[in-house]
Structures are given as structure tokens and as C-alpha cells.
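The lines below spell out each chain.
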Amino acid sequence: ILLLLSDDYVRSTNEDARKGGAVALAACAIGLKKANESRRDVLECRDLILASVIHACQDHSQRVRYYATESLFNVTKVIPSLAVQHFFILFEILRSLYADVDLDVRSGSELLDKKLKEVIVGAINSGSFSADACIPVFARFVHLRNKATKQLTLTWLKEFSDKLIGAPTLEFLHMFLGGIFSMVADPNTTIRQLALDFLQSVLPKLLVNNEDFEDAQQKVDFDKILSELVLTMEHPDPFVRKVAMYWMSRIVQCHMAPDDSEPGPTDTGVETIKGERQLTAASISVRNALPHVLPGILVSVGDTHQSRSKDSFLPDQTTHSLAEQANNCLQEAVRRDGSSFIPHLGGFIVALREELDSPGGLNGALPPSVERRPYRMDVKADGSGIEST
């Protein structure tokens, strides 16, 4: 029966036959819902159903693609283990359906996307699937130019960040953080907002500075994360530089400030952990990365761009003021725990010498922001000109 549906209907030259074949395959999947998965013939039948439905999702007819998307949703719903097993194939199909020219197909893909997220998140939390296998794939999609792909990838990363137990996304954060910050300057309003929402949801998880950080066995590489932030300090868009400097300022102040310090003026609801003075894994990791952080702070201290009146993100703060706060915190940490920074003295001296020796201008190591080539062609030298979008 399945071969008949696959060969004579799904691959028929008649559009109505292809639609009916896709719907019938979903009905067959429902019939196999309670079948014994240990039987080889059952596994072969399920694989054949999925392969045929995926083939129908790539049909040239918009109506066939719509019915195939609905069938794929039903297959994913009744046989979630099949979706987990073939997740990467399903995600590729989802990407194409998400960018489909037909509105009905796109609407159906949103329902499929929601169900697939539910299945995959549940599988990862139960231990039957690994986040390590799929998050690096998302990191590659972040850097693609396709608007629909970027939007879809952002929603998946946000879903993983919010719902996965143990926050495994932090281990791979450095792989796509630069791409997320670039999306903050994207011409598309939806992508910009999704990027900001993701950044705001992830940052509090990096501000944990107690034993829970070690208990969760998180492998957060602050060195690479902070290095990505330093590179973002050179972004032509002033708003991107401001958000990146806010990230760096919060991380430095949280992990380097005294334990009895109060949240600074940039606090957005995340409280600084209080308690006895002790070096946790997060604090040691940030301290070891400080020689790489210093160049970014020095560049941002000289960033004189003023926040636009329409900025809803920290309207009373500028990149310069955030950099000053991070710089003051770093200087205070050096004065307070000077002996701890002796192994990093060489890195500090190199960073300071490079900044002092830099002639500035277009040929300098760190050219001023007003002389950089705009990321957006409608951005003026003073950073204005993007309010219209």
C-alpha cells in the first residue's frame, strides 16, 4: 500500500493524486502509531512514509506543498521518534517551507515548526537527543543572508535557551554570538527584535557567579565570548556597539566586582550574587580573558556617539559611559587583587602598547568608528539615518 501511494500517487503527474497521496500517507502513519518499533518492517514503513511526504513538500504545486506540510505535521505528531531520528532532514525541509512564496504553506510551516520544537526540546531534556548535535548547525545558519532562515534560526535558539535543562546553548554561544549581534542591525524589524530578545534572555545565564555554575557542568568559554564582543566593538552600527559594550560591562562587573557590591545603574533586573569572597569557575574564566577584553574597552571609551532619542535599550546610557563603568570595575579589581593579575601582566602591557602605538585613522589598527565603512548604506557618519527602518 505504501509503495503504491508513494510511486503512483505522490509521484503522479496529476495534482489531485499527489495531494491525496500525501494525505493518505499521514493516515498510514497514524495507523502505525502503536506498532512495535523493534520490528524491522515497521521501521522501513515509517521511513518510507517520511521520505514520500518530504518529497511531496518539494512539489512545484503550492496546493500539494500545503497538504504535504499538513501531512508532515501529523507524521511528526504521531511518531515523534521518527522526527528526532531524522531531525536534520526535517529542519532543511522546514527552512524551505518557512520561506515559501505561498502564504498558506508558510502558515502550515509555522505549525510544523512549533510541533517540531516541542518534540526536539522534549527529546533533549529526556536524554534521547543531544543539543551538541544540532546547535552547531544553527550556528552556521545564523550567518546566512536568507531572511527567513535567520528568523527561523533565531526562534530555535531562543527556544533552546528558554526551555532546555542546563542551558547547553552557552557552551556553543561563541560560535554564533557575532552573527546574532550583526542581526541587531538587520534592516528587517522582526529579525532585529528577535536578536535583541535572544541576547536579553541569554545574558542573565552568563551572570551566574556561584557554585551552581560548576554544578551545572556548563562549559562556558568566556575567553571566546569576550573575544567576540571585542570584535563587535568595531561594528559600524553604533547601536550594535552599545549592546555589545553593555554585555561586556555586565559580565566584567558581575564576575570581577566585590561580592558585597550593589547592582550598577545599568541593572535590568539581574541581581549581583552576594556572599563570601571566593573565586568561582566563572570568575577565574573572566579574569583570564581580561587581557583580550582591554582593547575592546579602550576602543569603546573613545566612542563618542550619542544614543538616539528613539532607542528603547538603555536610553540614558551610551557606549562611552558603559565602557567607563567596565574600565573602572577592572581598575578596581586590579587594585584590590593585584597579585592575581601578575600572570596576565604581559597581556595587559601588550594591549596598552598597541593602543598607544596605533596612529588612528583609516590605516590604524583600531580606526575610529566614524571612518569605518557603514554596515548599512543609509547610515551616516554620526550614526543616524537608520531610524526610518
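Bear in mind the structure is a predicted one, so any value in this text is a computation, not a measurement. (Residues numbered from 1 in each chain as written. Predicted model: local features only at pLDDT ≥ 70, side-chain atom pairs only at ≥ 80, totals over all residues. Heavy atoms only, no water.)

1. With respect to the overall build of the protein
Link 1 in the chain: From N to C terminus, the protein includes 17 helices and zero strands.
Link 2 in the chain: Buried residues in the protein amount to 50% of all 389 residues.
Link 3 in the chain: Long-range contacts, defined as pairs at least 24 residues apart, comprise 70% of the intrachain contacts of the protein with a sequence gap of at least 6.
Link 4 in the chain: Only carbon and sulfur atoms are counted for the fraction: they give 53% of the accessible area of the protein, which is about 18600 Å². (Helix = DSSP H or I, 4+ residues; strand = E, 2+ residues; numbered from the N terminus. Buried < 20%, exposed > 50% of the residue type's maximum accessible area, 1.4 Å probe, protein only. Contact = heavy atoms within 4.5 Å. Areas by Shrake-Rupley, 256 points an atom, 1.4 Å probe, with all protein chains shown as cover.)

2. Examining the nonpolar core
Link 1 in the chain: Ranked by size, the top nonpolar core spans 109 residues in total, and within it Trp156, Phe160, Leu173, Phe176, Trp247 and Ile251 carry the most contacts.
Link 2 in the chain: Once residues lying within four places of it in the same chain are set aside, the contact partners of tryptophan 156 are Phe87, Phe91, Leu94, Asp113, Leu116, Lys117, Ile120 and Phe138. (Core = buried A, V, L, I, M, F, W, Y, C linked by side-chain atoms within 4.5 Å.)

3. Considerations on helix H11 (residues 189-206)
Side chains three or four residues apart in an α-helix point the same way, a direct result of the helix having 3.6 residues per turn.
Link 1 in the chain: For H11, built from 18 residues, the straight-helix expectation of 26 Å at 1.5 Å per residue is met to within 8% by its first-to-last C-alpha distance of 26 Å.
Link 2 in the chain: Within H11, the full set of buried residues consists of Ile191, Arg192, Ala195, Leu196, Phe198, Leu199, Ser201, Val202, Leu203 and Leu206.
Link 3 in the chain: In this structure, the buried side of H11 is in contact with helix H9 (147-163), helix H10 (173-183), helix H13 (222-232) and helix H14 (238-256).
Link 4 in the chain: The distance from a side-chain oxygen at the start of H11 to the backbone nitrogen of threonine 190 is 3.0 Å, and the residue carrying that oxygen is asparagine 188. (Expected span 1.5 Å × (residues − 1). Polar contact = N/O pair within 3.5 Å; in protein donor to acceptor, adjacent residues only side chain to side chain.)

4. Some points on the side chain of aspartate 100
Link 1 in the chain: Mapped onto the fold, aspartate 100 is located in the loop between helix H6 (87-98) and helix H7 (103-126).
Link 2 in the chain: Looking at aspartate 100, the relative accessible area reads 8%, which means it is buried.
Link 3 in the chain: Those residues within four positions of aspartate 100 in sequence are excluded, and the remaining contacts are Arg65, Val105 and Arg106.

5. Here we look at the packing of helix H3 (residues 40-57) against helix H4 (residues 62-78)
Link 1 in the chain: Two elements in contact, H3 and H4, have axes whose closest approach is 8 Å; the angle formed by their N-to-C orientations is 150 degrees. The orientation of H3 relative to H4 falls into the category roughly antiparallel. Here the hand of the crossing between H3 and H4 comes out left-handed. Contacts from Ile49, Leu50, Val53, Ala56 and Cys57 of H3 reach H4 at Val64, Arg65, Ala68, Thr69, Ser71, Leu72 and Val75.
Link 2 in the chain: Taken together, the residues that form the contact of H3 with H4 break down as nine nonpolar, two polar and one charged. (Axes fitted to C-alpha atoms, helices over the stretch in contact; angles between N-to-C directions. Parallel < 35°, antiparallel > 145°, perpendicular 65-115°, else oblique. Left-handed = near helix turned anticlockwise from the far one by under 90°. Nonpolar A, V, L, I, M, F, W, Y, C, P; charged D, E, K, R; others polar.)

6. Some points on unusual backbone geometry
Link 1 in the chain: Of note in this structure, alanine 167 is not a glycine but carries a positive phi near 50 degrees.
Link 2 in the chain: Note on placement: alanine 167 falls in the loop between H9 and H10.

7. Looking at H6
Link 1 in the chain: Helix length check: H6 (12 residues) gives 16 Å between terminal C-alpha atoms against 16 Å at 1.5 Å per residue, within 8%.
Link 2 in the chain: Within H6, the full set of buried residues consists of Phe87, Leu90, Phe91, Ile93, Leu94, Arg95, Leu97 and Tyr98.

8. As for the packing of aromatic side chains
Link 1 in the chain: The tally for this structure, following the rule as stated, stands at 16 aromatic pairs.
Link 2 in the chain: For the pair phenylalanine 91 and phenylalanine 138, a centre-to-centre distance of 5.1 Å together with 55 degrees between the ring planes defines the contact as tilted. Linking phenylalanine 91 in helix H6 with phenylalanine 138 in helix H8 (residues 131-142), this pair joins segments that are 47 residues apart in sequence.
Link 3 in the chain: An aromatic cluster is present here, built from Phe87, Phe88, Phe91, Phe129, Phe138, Phe141, Trp156 and Phe160 joined pairwise through their rings. (Phe/Tyr/Trp six-rings, centres within 6.5 Å; stacked < 30°, edge-to-face > 60°.)

9. Remarks on the pattern of salt bridges
Link 1 in the chain: For the structure shown, the criterion picks out 16 salt bridges.
Link 2 in the chain: Taking the shortest distance from any N to any O, the salt bridge between lysine 117 and aspartate 113 comes out at 3.1 Å. Taken as a pair, lysine 117 and aspartate 113 lie in helix H7 at a separation of four residues, close to a single helical turn. Each member of the pair, lysine 117 as well as aspartate 113, is classed as buried.
Link 3 in the chain: The shortest N-O distance in the salt bridge between arginine 241 and aspartate 303 comes to 2.6 Å. Of this pair, arginine 241 sits in helix H14 while aspartate 303 sits in the loop between helix H15 (281-301) and helix H16 (319-336); the two residues are 62 residues apart in sequence, bridging distant segments of the chain. Accessibility assignment for this pair places arginine 241 and aspartate 303 in one class, buried. (Salt bridge = Lys/Arg side-chain N within 4 Å of Asp/Glu carboxyl O.)

10. Focus on the environment of arginine 140
Link 1 in the chain: Within the secondary structure layout, arginine 140 lies in helix H8.
Link 2 in the chain: Here the alpha-carbon distance between arginine 140 and threonine 153, two residues 13 residues apart in the chain, equals 9.6 Å.

11. Comments concerning the environment of glycine 179
Link 1 in the chain: Structurally, glycine 179 can be placed in helix H10.
Link 2 in the chain: Under the relative-accessibility criterion, glycine 179 is labelled buried at 7%.
Link 3 in the chain: Residues glycine 179 and alanine 195 lie 16 residues apart in sequence; the distance between their C-alpha atoms is 9.4 Å.
Link 4 in the chain: Contact partners of glycine 179, with chain neighbours within four places excluded, come to Val142 and His143.

12. With respect to the environment of leucine 298
Link 1 in the chain: Considering the arrangement of structural elements, one finds leucine 298 in helix H15.
Link 2 in the chain: Put simply, leucine 298 and leucine 352 are 54 residues apart on the chain and 8.7 Å apart in space, counted from C-alpha to C-alpha.
Link 3 in the chain: Setting aside residues up to four positions removed in sequence, leucine 298 forms contacts with Leu352 and Glu355.

13. Comments concerning the confidence of the model for the protein
Link 1 in the chain: Scored by pLDDT, the protein comes out at a mean of 83, with 83% of its residues at no less than 70.
Link 2 in the chain: Low pLDDT (under 50) marks residues 212-217, which in the prediction has eight contacts with non-local residues, meaning those over four places away or in another chain.
Link 3 in the chain: Throughout residues 361-377 the model reports pLDDT below 50, and contacts reaching past four residues in sequence, or to other chains, amount to 35 contacts. (pLDDT = per-residue confidence, 0-100.)

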